[in-house]
Structures are given as structure tokens and as C-alpha cells.
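# Examination of the molecular architecture
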Amino acid sequence: MVLNYIWLGFFLAAFAVGLLRMVFWGDTEVFPAMIDSTFASSKTAFEISLGLTGVLSLWMGVMKVGERGGVVNALARLLSPVFVRLFPDIPKGHPVTGSIFMNIAANMLGLDNAATPLGLRAMQQMQELNPRKDTASNPMIMFLVLNTSGLTLIPVSIMVYRAQMNAAQPTDIFMPILLATFFSTLAGIVVTSLRQRINLLNRVMLLSLGGVSLLVALLLWAFSRMDSALMATVSSVGSSLLLMAIICGFIVADMLKRNNVYDDFIEGAKDGFQTAVRIIPYLVAILVAIGVFRASGAMQWLTDGVAWAARACHLDTQWVGALPTALMKPLSGSGARGMMVDAMQTFGADSFAARLACVFQGSTDTTFYILAVYFGSVGIRYTRHAVVCGLMADLAGMVAAVAICYMFFG
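Note that the coordinates shown come from a computational prediction; the quantities given were computed from them, not determined experimentally.

### A closer look at helix α6 (residues 138-148)
Of all 11 residues that make up α6, 11 are buried, and the element is covered over most of its length. The set of residues buried in α6 consists of Asn138, Pro139, Met140, Ile141, Met142, Phe143, Leu144, Val145, Leu146, Asn147 and Thr148. A positive phi of about 75° marks glycine 150, the residue just after α6.

### Considering a positive patch on the surface
Positive charge collects at one region of the surface, where Arg132, Arg195, Arg197 and Arg384 lie side by side. Owing to a relative accessible area of 48%, arginine 195 belongs among the partly exposed residues under this scheme.

### Comments concerning the environment of serine 240
Among the secondary structure elements, serine 240 is positioned in helix α10 (residues 228-256). By relative accessible area, which is 33% here, serine 240 ends up partly exposed. Sequence spacing of serine 240 and proline 170 is 70 residues, and the spatial spacing of their C-alpha atoms is 9.7 Å.

### Observations concerning the packing of aromatic side chains
Under the defined criterion, the tally for this structure stands at seven aromatic pairs. Centre to centre, the rings of phenylalanine 182 and phenylalanine 183 are 5.3 Å apart; their planes meet at 70°, and the pair counts as edge-to-face. Given the relative accessible area of 12%, phenylalanine 182 is considered buried. Overall, phenylalanine 183 belongs to the partly exposed group, its relative accessible area being 28%. Seen in terms of ring centroids, phenylalanine 408 and phenylalanine 409 are 6.1 Å apart; in terms of plane orientation they differ by 50°. Their pairing is tilted.

### Examining unusual backbone geometry
For asparagine 166, which is not glycine, the phi torsion reads 65° and is therefore positive. Within the secondary structure, asparagine 166 is located in the loop between α7 (156-164) and α8 (174-196). We note that histidine 314 has phi near 60°; this positive angle belongs to a residue other than glycine. Within the secondary structure, histidine 314 sits in the loop between α13 (298-312) and α14 (323-328). Since its relative accessible area comes to 74%, histidine 314 is described here as exposed.

### Details of the nonpolar core
Core analysis: the biggest nonpolar cluster contains 69 residues, and Phe10, Ile173, Met340, Met344, Leu356 and Phe360 have the highest contact counts within it. Per-element tally for this core: the top contributor is helix α18 (residues 386-409), with eight residues. By size, the runner-up hydrophobic cluster in this structure holds 33 residues, among which are Val96, Ile141, Val145 and Tyr374.

### Considering the packing of helix α16 (residues 352-363) against α18
Where α16 meets α18, the closest approach of the two axes is 9 Å, and the angle between their N-to-C directions is 140°. Comparing their axes, α18 and α16 come out oblique. As α16 packs across α18, the resulting crossing turns out to be right-handed. Between α16 and α18, the residues in contact are Phe352, Arg355, Leu356, Val359, Phe360 and Ser363 and Gly397, Met398, Ala401, Val402, Cys405, Tyr406 and Phe409, respectively. A per-class count over the contact of α16 with α18 returns 10 nonpolar, two polar and one charged.

What counts and what doesn't
Residues numbered from 1 in each chain as written. Predicted model: local features only at pLDDT ≥ 70, side-chain atom pairs only at ≥ 80, totals over all residues. Heavy atoms only, no water. Buried < 20%, exposed > 50% of the residue type's maximum accessible area, 1.4 Å probe, protein only. Helix = DSSP H or I, 4+ residues; strand = E, 2+ residues; numbered from the N terminus. Patch = residues over 30% accessible without salt bridge, like charges linked within 9 Å, V, L, I, M, F, W, Y side chains within 5 Å. Areas by Shrake-Rupley, 256 points an atom, 1.4 Å probe, with all protein chains shown as cover. Salt bridge = Lys/Arg side-chain N within 4 Å of Asp/Glu carboxyl O. Lys, Arg positive; Asp, Glu negative; His and termini not counted. Charge placed at Lys NZ, Arg CZ, Asp CG, Glu CD. Phe/Tyr/Trp six-rings, centres within 6.5 Å; stacked < 30°, edge-to-face > 60°. Core = buried A, V, L, I, M, F, W, Y, C linked by side-chain atoms within 4.5 Å. Axes fitted to C-alpha atoms, helices over the stretch in contact; angles between N-to-C directions. Parallel < 35°, antiparallel > 145°, perpendicular 65-115°, else oblique. Left-handed = near helix turned anticlockwise from the far one by under 90°. Contact = heavy atoms within 4.5 Å. Nonpolar A, V, L, I, M, F, W, Y, C, P; charged D, E, K, R; others polar.

If you want it as C-alpha cells, here you go:
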């Protein structure tokens, strides 16, 4: 429903701006340009989807190998002591803890197809423990905030899009996304814990959050002491090395399980092919709407207004081109994806704005969509502080994304 209003809003705003330009400025070319953009954008959307098929099949196959090799289960066991303390209202040993751990681990690995069913199952199990069936419980809200904060170790889809848009180093946003999504998730945990009066000052949480925070601080310190050329080299080589190690690790884990690695890969690759085909109409719809919005001049008015405000505050304006992705992300994943692709098309895949748009896309998740799907699946009407906590996590991720991108690419 949200995407329906967004899609309609793009066309109505474009039509209104086009009328203003034609009536008051005598611009007779604006509507032909808008019509031309519909054909160009739909062609671009199909070409992007077609190009995604091979790479998406590859990565979905690799992810299936990791899933069958027990990597998700291993992550669940590793995270167990932390999540037990984040969900104190859930009885110890309750089956829902397993669903929560599996969902978070699957999200971290980018296994969306596996994560969503596990997440819905977790919500159903938490609803069984919920004394007020129409109101979100504390564990539900913490679980939703962890999902909306977008903690992801491997941003596969974003790297695939960058490769399709001919980026020189499609993986150069891997480290910035990893750092930005950490801040988003940390903010979500802290804000929600304060609201729910969860004690984070215990040994397990201090060691876990403190240890990860120290690692991130060391990474930021190390990168801050490098010049831009060395930083780009280290980030690119380190990201590629880590990704290659993950792929090899998945294969070895699946082999140790005595599974047929090749068949597991083929099964996942088939899912990747189907996913690439399935997104074609969605990508056409959103890219056409954005193309019309941009051709009308409405996008330029929006970004010019923000840029003027930034200059008035004596701020740099390189980030303004990525702003539409940041504004769209809490509302719609496909809409934000379209904005990200549009930024790469408009400014170039290796521009600052395009890279920042990619980091925006990877640092948080679609807050309103996740809340609607997960709460709707169990009939929750009153979401309490879920929206506020989720949006605060989003804001932290976006601010961190801007700062980190200036460090890496500015």
C-alpha cells in the first residue's frame, strides 16, 4: 500500500511540476521529455534485470551452499548469549529463540528467502507468549528493530547492481556498508533497550558490544591514517579477500557436511534466476516513475532546495544526489533500489553520490514494510514504540553512512 502511494505520488508530482514549467516558463519540451523518459527507463530496467541474472544466480547459489553447510546454525549458536539478554521476557529455552537466531543470522548472510519465513515464524511464536494479542510486546519490538536496522555482512544485491552498472570496483562499498550498518544496529539496540529498560551493563553485553565497537573504532582509526589512494586499495583488496574467504568457507562447510555441493549450488542458482525474472516488473514500474519525476524537473527542484539549505549552513553538497535513496529506504525497498540505480545512472557508478546511495541502501532496511508485514502477520494493531525506535536506527545509519563515505570516497 505504501509503495502504491509513492508510485502515484511520483506521477502526480511530475505532472504538476510539468504544468507549472509549461504555463509559467513556456517550456513546451517538458511533457515530450517525460514521455521519452518512460520508454528509456523501461528499457534500462529490463536491461539491468537481464544483466542481473547471471551474477544473482551465482550469489544465490553460493548462499545456498552456505545455508546447507550449517553456517546459519553456527551463527545462531554464536549469537545465542547476546540475544538471550536482549529478549528477557522470553522464557529460557523457548523454541522462539531458535527462530529469532536463525532469522537474524540469515539476514546477516543476505538469505532473504530464508529470513522472511523464519521471521514470520518467530512472530507467531512470540504472539503465543503475548498477553495482549492486539499490541506489540517488548520482544516483538526488539526483534523488529533488529530487522529494520539492516545488519548485513554480505550486501550481495548492491554489489551485483554496481557490477551491472559497470563500476570499476563493485565491492568497494563493502567495508563502508559494514561499518554504517553496525552503527544503525547499535543505535537500534541502545534506543530500544533504554525504552524497554533492558540492562546492557552486564558482562556478556559489554564484552560483545564493546568488543565489536572496539574493532570498528580500530578500523576507522586505521583508515583515517591512510591517504585516499591507499584507503581505496586496502578497502578493495580487503573486501575482495574477505568475500573470497567466505565463499571458500561456505564450500568447505558444505563438503564437511557430506552434501553434494554442486547440487546445492544449482538449487540456489535456480532461485537466483527466478528472482532476477521476478523483479523485472517491479524495477520497470519504479524506474519509469522516477524517470518521469526527474524529467519533469521535480527531482532537480528537490535536490536544489536541499543543496541551497546545505550551502547556507556552509556544508558540502556532494551527498545531496544520494538523498532520494535515503528518504525512500524506510518506505520501500524496491523504491530505494530504483533511486540507487537512478543515482548510478545519473552521476556515474563510481561517483560520490552513487556510492553513498549504495551505502544508504545497505545500511538500513525498509522499516515500514517490515513492520507492516511482520505485525500484520499476527494481527498486531498497536505497535507502541516500534516505529520511533526503527526510524531512530535508520537515522543513525544514514548519518554514519555520510560520515563514512566522506572518509572513504570524499
